[in-house]
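Next come the chains, spelled out residue by residue.
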Amino acid sequence: MDIVFRDVEHRYQINTPFEKRALYDIHVDIRSGSYVAVIGHTGSGKSTLLQHFNGLLQPTKGTVHLGDYTIVAGKKEKHLKPLRKKVGIVFQFPEHQLFEETVEKDICFGPMNFGMSEQEAKARVGEWLALVGLPEEVRHKSPFALSGGQMRRVAIAGVLAMEPEVLVLDEPTAGLDPRGRKEMMDMFANLQRQKKMTIVLVTHSMEEAARYADDIIIMHRGTIVRRGTPEQIFRNVDDLIHLGLDVPETVLFQRAIEQKFGIQFPEPCLTIEDVERSLQTLFTRVKRI
Amino acid sequence: MNGMIIGKYVPGDSFIHRLDPRTKLLLMFIYVFIVFLANNGWTYGILTLFTCLLLFLSRIPFSFMIRGLKPVLWVIVFTFFLHVLLTKEGHIVFQWLGIEVYDKAIQQGAFISLRFLLLIVVTTLLTLTTTPIEVTDGMESLLSPLKKWNVPVHELALMMSISLRFIPTLMEETEKIMKAQTARGVDFSSGPLQERMKAMTALLVPLFISAFKRAEELAVAMEVRGYRGSQNRTKWRELTWGRIDTAFMLFIGLLAIALWLLRS
Ligand SMILES: Nc1ncnc2c1ncn2[C@@H]1O[C@H](COP(=O)(O)OP(=O)(O)O)[C@@H](O)[C@H]1O
Ligand SMILES: [Mg+2]
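The shown structure was predicted, so the numbers you read here are calculated from the model rather than taken from an experiment.

Definitions and cut-offs
The written sequence of each chain sets the order in which its residues are numbered from 1. Each chain gets a letter, beginning with A, and each ligand a number, beginning with 1, in the order they are written. In view of the model being predicted, local features appear only for residues whose pLDDT reaches at least 70, and side-chain atom pairs are presented and counted only at 80 or more, with totals across whole chains, interfaces and linings using the full set of residues. The basis for the side-chain values is all heavy atoms of the structure; hydrogens and waters are excluded. Helix numbers and strand numbers start at the N terminus; a helix is a DSSP run of H or I with at least 4 residues, a strand a run of E with at least 2. We take the radius of gyration over the C-alpha atoms and set the globule estimate at 2.2 Å times the residue count to the 0.38 power. Partly exposed residues are those whose accessible area sits between 20% and 50% of the maximum for their type, while under 20% is buried and over 50% is exposed, using a 1.4 Å probe and protein chains only. Between two residues, a contact is recorded if the distance between any of their heavy atoms is within 4.5 Å. Note on areas: Shrake-Rupley with a 1.4 Å probe; residue coverage comes only from the protein chains shown. Think of it this way: Lys and Arg go in the positive column, Asp and Glu in the negative one, and His and the chain ends go nowhere. Think of each charge as sitting on NZ of Lys, CZ of Arg, CG of Asp or CD of Glu. UniProt positions are given in the numbering used here, feature names are shortened, and annotations may be inferred rather than shown by experiment. Whether a residue is near a molecule or strand is decided by its heavy atoms; if any one of them lies within 4 Å of it, the residue is near. Counting of polar contacts relies on pairs of N or O atoms within 3.5 Å, with two restrictions inside protein: one atom must be capable of donating a hydrogen and the other of accepting it, and residues adjacent in sequence are counted only when both atoms are side-chain atoms. Summed over both partners, the accessible area lost on bringing two parts together, with a 1.4 Å probe, is the buried area. Salt bridge, as used here: a side-chain nitrogen of Lys or Arg that lies within 4 Å of a carboxyl oxygen of Asp or Glu. For this analysis, a ring pair means two rings from Phe, Tyr or Trp (six-membered ring only for Trp) whose centres lie within 6.5 Å, classed as stacked if their planes differ by under 30 degrees, edge-to-face if by over 60, and tilted for the remaining angles. Charge over a ring is defined by NZ of Lys or CZ of Arg lying within 6 Å of the ring centre and within 35 degrees of the ring normal. Paired strands, as defined in this entry, are two strands with at least two bridges between them according to DSSP. Lines are fitted to the C-alpha atoms to define the axes, a helix being fitted only along its stretch in contact, and any angle between axes, read from their N-to-C directions, falls within 0 to 180 degrees. Small angles under 35 degrees read as roughly parallel and large ones over 145 as roughly antiparallel, with 65 to 115 read as roughly perpendicular and the rest as oblique. In this classification, Asp, Glu, Lys and Arg are treated as charged, Ala, Val, Leu, Ile, Met, Phe, Trp, Tyr, Cys and Pro as nonpolar, and every other residue, Gly included, as polar.

### Looking at the overall build of chain B
Right, so step 1: The number of helices and strands found in chain B is nine helices and two strands.
Right, so step 2: Helices and strands appear in chain B in the N-to-C order α-α-α-α-β-β-α-α-α-α-α.
Right, so step 3: Here the C-alpha radius of gyration of chain B, 23 Å, is well above what a compact globule of 264 residues would show, namely 18 Å.
Right, so step 4: The C-alpha extent of chain B, read off along each of the three principal axes, is 70 × 60 × 35 Å.
Right, so step 5: Counting across all 264 residues of chain B, residues that qualify as buried make up 34%.
Right, so step 6: Across chain B, every contact between residues at least 6 apart in sequence was considered, and the portion connecting residues at least 24 apart equals 73%.
Right, so step 7: Summing over all exposed atoms, chain B offers an accessible surface of approximately 16300 Å²; the carbon and sulfur share of this is 69%.
Right, so step 8: Across chain B, 27 positive and 19 negative side-chain charges occur, with their mean positions spaced 2 Å apart.

Okay, structure coming up:
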């Protein structure tokens, strides 16, 4: 499912003294099957943007094309349910949406709302638990008896169970421990590879964006200011610093080396592995001299 | 959710915004009584004029007020029709399908709806121009004589300010949870009763859990900072009663006298 935004604007509480323009001049194309990271400061409009992906918010100007759906500003769209099945959104702190008595029931809630039978949903709970890395024992426990990280996983499993084509994630790893983060990010990357899901990830971690995304969107004060592949985005370190954003540690390290030795690496080092490779070539060159 | 304006503060620097909160509370209190003095065209006219003046002085956009009143509008319309249909005084204006409508009934219906509308406008105006903190400070100050009879005025005021403070938070929370559940295929606005009940559980359970959690966190935060009621507490924000407050109260007194004299 391709996603196309054309000249989208969103104002909250339009025509009141509280009116607030949260998005403007948004033009985006997200190809089916790609992995896009959205980066920006708190308040730059990332969450507002995401909520346009399944019609929870509708633009106050412009159009949003979501597969076969076209949402035009000013026209109230109904019958969005089929769209919401195709676009799963994991909100910030999704554990706040849990409500059932057991983990099993909570995970089955989404798929059953979209028409899956209870038997089928229950039969597949094991599969979804395994997907998010939870043991089978939690199935009949109350979600509220779990740890924070486990609750987060249950909530994410509840969205994955809807088997969406597009998975939208709003800071899914905020507040998790480093290992939990890595596991979760690897899982999303697998979903993209194996199930051909389109993934849109909002994150504050430049490392995550650099490592996993095919494409990065940078938002600043309600609009998109940069768009490109991680290599393109992180080649311009000063630009990022100018926008007040963090730069991945690896890129900073690369820059320090480059300045110290007066050399230039051909590619930005986005991961530890990239750094390793670059240093290796550097050392072999030094040895030859 | 966004239509609700009662309880929302609109920042501003108008004459009404600058009045002492005690003045505004007293105004509201007195207004509730003087509204009942009005009983004819003249008195209702004066009262309406006064209310419009308040609205004008507050610089709250008229359209904003109207939109905020929409949720209560049907109550007002209902009141009007109830009076029109049930009051049987004066002359019959018209008859239709055995329903007789009297002229006094229309007049009374109109007056009572207007009274209701004016009351709501004034109360809304108070909350739109006064921060919740000011309201509670004002309340505490006005009620402080009751401390002599061991009424826990400070604690009551604190309870009130906490509730007022958390209304927007709860609304926000409600909206967030509704969005999250909508994304999971819940339909809050239509569907059979059983599904609606399920939808309400999916909203209310998370909402209650977060409210309890918040309450507990707040209690702990207050305790670690050594909060223990009103004993020996001083205030950071002191209320100051200015000359315009006295003038305004005198003006309301005059208004009450005028209404008293003009009522029939
Ligand atoms: N429900 C809302 N009502 C009014 N304003 C909002 C609402 N949600 C967000 N905003 C405002 O819109 C802007 C963008 O917010 P948001 O999309 O949440 O940013 P981010 O997710 O990047 O932190 C912020 O200034 C925020 O205050
Ligand atoms: Mg956000």
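### Some details on the environment of B:Val122
Right, so step 1: Relative to the helices and strands, B:Val122 resides in helix 5 (residues 103-129).
Right, so step 2: Those residues in contact with B:Val122 that lie beyond four places of it in its chain are B:Tyr31, B:Thr51 and B:Leu54.

### Remarks on the UniProt feature "transmembrane region" (unreviewed entry) in chain B
Residues and elements named next belong to chain B.
Right, so step 1: Per the UniProt record, "transmembrane region" (unreviewed entry) is annotated on residues 28-57, 69-86, 106-128 and 241-262.
Right, so step 2: This span, residues 28-57, is 80% helix and 0% strand, and a straight line between its end C-alpha atoms measures 16 Å.
Right, so step 3: Taken end to end, residues 241-262 is 91% helix and 0% strand, and its two terminal C-alpha atoms sit 31 Å from one another.

### Regarding the site of ligand 1
Right, so step 1: Taken together, 13 residues form the shell around ligand 1, and within it A:Gly43, A:Gly45, A:Lys46, A:Ser47 and A:Thr48 come nearest.
Right, so step 2: Around ligand 1, the neighbouring residues derive from chains A and B rather than from a single chain.
Right, so step 3: Between ligand 1 and the protein, one listed contact pairs an oxygen atom with a side-chain N or O atom of A:Lys20 at 3.1 Å.
Right, so step 4: With respect to ligand 1, the side chain of A:Ser47 contributes an N or O atom lying 2.6 Å from an oxygen atom.
Right, so step 5: Contact with the protein chains covers 69% of the free accessible surface of ligand 1, which is 560 Å².

### Let's talk about the interface of chain B and chain A
Right, so step 1: The interface of chain B with chain A comprises 22 residues on the first partner and 27 residues on the second.
Right, so step 2: In total, chain B and chain A occlude about 2100 Å² of area from one another, counting both sides; carbon and sulfur atoms represent 63% of this.
Right, so step 3: The largest per-residue losses of area from chain B upon contact with chain A belong to B:Lys179, B:Ala183 and B:Arg184, which jointly make up 34% of the total buried on that side.
Right, so step 4: In this structure, the connection of chain B to chain A is made through two salt bridges.
Right, so step 5: Remark: the boundary between chain B and chain A carries eight residue pairs in polar contact (both at pLDDT 80 or more).

### Description of the packing of aromatic side chains
Right, so step 1: Evaluation of the coordinates by the stated rule reveals ten aromatic pairs over all chains.
Right, so step 2: Consider the rings of B:Phe29 and B:Phe33, whose centres lie 5.6 Å apart with planes at 75°: the pair is edge-to-face. Of this pair, B:Phe29 and B:Phe33 both sit in helix 2 (residues 21-34), four residues apart, which is roughly one turn of the helix. There is no split in this pair, since B:Phe29 and B:Phe33 are both exposed.
Right, so step 3: Between the aromatic rings of B:Phe208 and B:Phe212, the centroid separation amounts to 6.3 Å while the plane-to-plane angle is 35°, which identifies the pairing as tilted. You can see B:Phe208 and its partner B:Phe212 sitting in helix 8 (residues 193-224), four residues apart, about one turn around the helix.
Right, so step 4: Under the relative-accessibility criterion, B:Phe212 is labelled exposed at 57%.
Right, so step 5: Taken together, the aromatic side chains of B:Tyr31, B:Phe50 and B:Phe251 make up a single cluster linked through ring pairs.
Right, so step 6: Of note, A:Arg21 hangs over the ring of A:Tyr24, and the distance from its end group to the ring centre comes to 3.9 Å.

### A word on the pairing of strand 10 (residues 223-228) of chain A
Look at any regular strand and the pattern is simple: side chains alternate between the two faces of the sheet.
Residues and elements named next belong to chain A.
Right, so step 1: Taken together, the five bridges between strand 9 (residues 215-220) and strand 10 define a ladder with antiparallel strand orientation. Across the sheet, residue Ile217 finds its bridge partner in strand 10, namely Arg227.
Right, so step 2: The antiparallel hairpin formed by strand 9 and strand 10 contains two residues in its connecting segment, where Arg221 sits at a positive phi of about 50°.

### Considering the packing of helix 5 (residues 148-160) of chain A against helix 6 (residues 178-195) of chain A
All names here are of chain A.
Right, so step 1: Contact geometry for helix 5 and helix 6: axes closest at 13 Å, N-to-C directions at 10°. Looking at the two axes, helix 5 sits roughly parallel to helix 6. The segment helix 5 lies against helix 6, with Arg152, Arg153, Ile156 and Leu160 engaging Gly180, Glu183, Met184, Met187, Phe188 and Leu191.
Right, so step 2: The residue inventory of the contact of helix 5 with helix 6, partitioned by class, reads six nonpolar, one polar and three charged.

### Details of the pairing of strand 5 (residues 69-72) of chain A
Residue and element names in this part refer to chain A.
Right, so step 1: Of the two faces of strand 5, only one is covered, namely that formed by Tyr69 and Ile71; the face formed by Thr70 and Val72 stays uncovered.
Right, so step 2: The sheet contact formed by strand 4 (residues 61-66) and strand 5 spans four bridges and is antiparallel. Its bridge partner lying in strand 5, Thr63 is registered against Val72.
Right, so step 3: Between the end of strand 4 and the start of strand 5, which pair antiparallel, lie two residues, with Gly67 showing a positive phi angle near 60°.

### Some points on the pattern of salt bridges
All names here are of chain A.
Right, so step 1: In total, this model carries 29 salt bridges over all chains according to the counting rule given.
Right, so step 2: A salt bridge links Glu95 to Arg152, with the shortest nitrogen-to-oxygen separation between them at 2.8 Å. With Glu95 in the loop between strand 6 (87-90) and helix 3 (103-113) and Arg152 in helix 5, this pair connects stretches of sequence that are 57 residues apart. Residues Glu95 and Arg152 agree in their burial class; the two are buried.
Right, so step 3: In this structure, Glu183 and Arg153 form a salt bridge, with 3.1 Å as the shortest nitrogen-oxygen distance. Taken as a pair, Glu183 in helix 6 and Arg153 in helix 5 lie far apart in primary sequence, 30 residues in all.

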